[in-house]
Amino acid sequence: MQAMDKDQVIARIAEHYESIIRLLGDDPSRHGLEKTPVRAAKALYYATQGYRENADDIMKSAIFEYAGSQMVIVKDIEFYSFCEHHILPFFGRVSVGYIPDGEMIGLSKLARVVNVYARRLQVQERLTAEICACISRSLHTKGVIVACNAQHLCMKMRGVEKQDSSTTTIEYNGLFSAPDMRAEFFSLIRDIN
């Protein structure tokens with residue numbers, strides 16, 4: 001099968017949205033919906049751009065020698081994703097910490113890596129693990145920790161419909177395997193404004 005370009009992919013997705021609208025019982029040609037299939041296709045293509053990006057390449061583009069901080073933290077990186085089970089949004093914030101081992105990363109690259117993995121059909125547990133693994137793979141560290149807190153529309157607008165629920169996932173390695181190092185990280189992300 002020949003690879004399709006962006007416009008071809010969006011056109012195919014739009015055809016499917018048009019069919020879905022019909023299956024739901026509405027007329028995709030009625031006023032208000034006539035452009036919805038294309039708009040929805042463009043939105044979905046953008047929201048899943050992580051499939052077309054490489055997190056390892058992003059990380060490798062901004063690694064510098066460094067012999068400084070005991071811990072580097074970037075907290076509250078917002079993200080938006082789609083639950084792979086219901087294709088409904090989940091969203092929240094990720095905080096990343098690492099202990100440098102002769103290298104540091106340009107800080108914006110950590111946020112970009114979060115986006116790469118969030119902008120795919122995803123589950124929060126895997127999202128957290130993939131971010132941690134990518135940083136560990138790409139950067140010399142003594143340890144990496146990633147904490148993710150999110151709200152899931154699949155729990156808020158369907159199923160159990162629990163509006164105030166949120167989910168926290170944590171992944172770590174290296175020196176963060178020690179409880180006191182995790183405690184320091186969580187204390188710092190709580191106390192830093």
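The coordinates are above.
All figures in this text were calculated on a predicted structure; none of them were measured in a lab.

### Considerations on the packing of helix 1 (residues 6-24) against helix 2 (residues 36-47)
Then comes step 1: Relative to each other, helix 1 and helix 2 sit at 125°, their axes nearing to 8 Å. If you check the angle between helix 1 and helix 2, you find them oblique. Crossing of helix 1 against helix 2: the hand is right-handed. Touching Lys 6, Val 9, Ile 10, Ile 13, Ala 14, Tyr 17, Glu 18 and Ile 21 of helix 1 are Thr 36, Pro 37, Val 38, Ala 40, Ala 41, Lys 42, Leu 44 and Tyr 45, all from helix 2.
Then comes step 2: Across the contact of helix 1 with helix 2, the residue classes break down as 12 nonpolar, one polar and three charged.

### As for the packing of helix 4 (residues 107-118) against helix 5 (residues 124-138)
Then comes step 1: Direction vectors running N to C along helix 4 and helix 5 enclose 135°, while the axes themselves pass 9 Å from each other. The orientation of helix 4 with respect to helix 5, classified from their angle, is oblique. Our pair here, helix 4 against helix 5, has a crossing hand that is right-handed. Residue-level inspection shows Leu 110, Val 113, Val 114, Tyr 117 and Ala 118 of helix 4 in contact with helix 5, the latter providing Leu 127, Glu 130, Ile 131, Cys 134, Ile 135 and Arg 137.
Then comes step 2: For the contact of helix 4 with helix 5, a count of residues per class yields nine nonpolar, no polar and two charged.

Cut-offs applied
Residues numbered from 1 in each chain as written. Predicted model: local features only at pLDDT ≥ 70, side-chain atom pairs only at ≥ 80, totals over all residues. Heavy atoms only, no water. Axes fitted to C-alpha atoms, helices over the stretch in contact; angles between N-to-C directions. Helix = DSSP H or I, 4+ residues; strand = E, 2+ residues; numbered from the N terminus. Parallel < 35°, antiparallel > 145°, perpendicular 65-115°, else oblique. Left-handed = near helix turned anticlockwise from the far one by under 90°. Contact = heavy atoms within 4.5 Å. Nonpolar A, V, L, I, M, F, W, Y, C, P; charged D, E, K, R; others polar.

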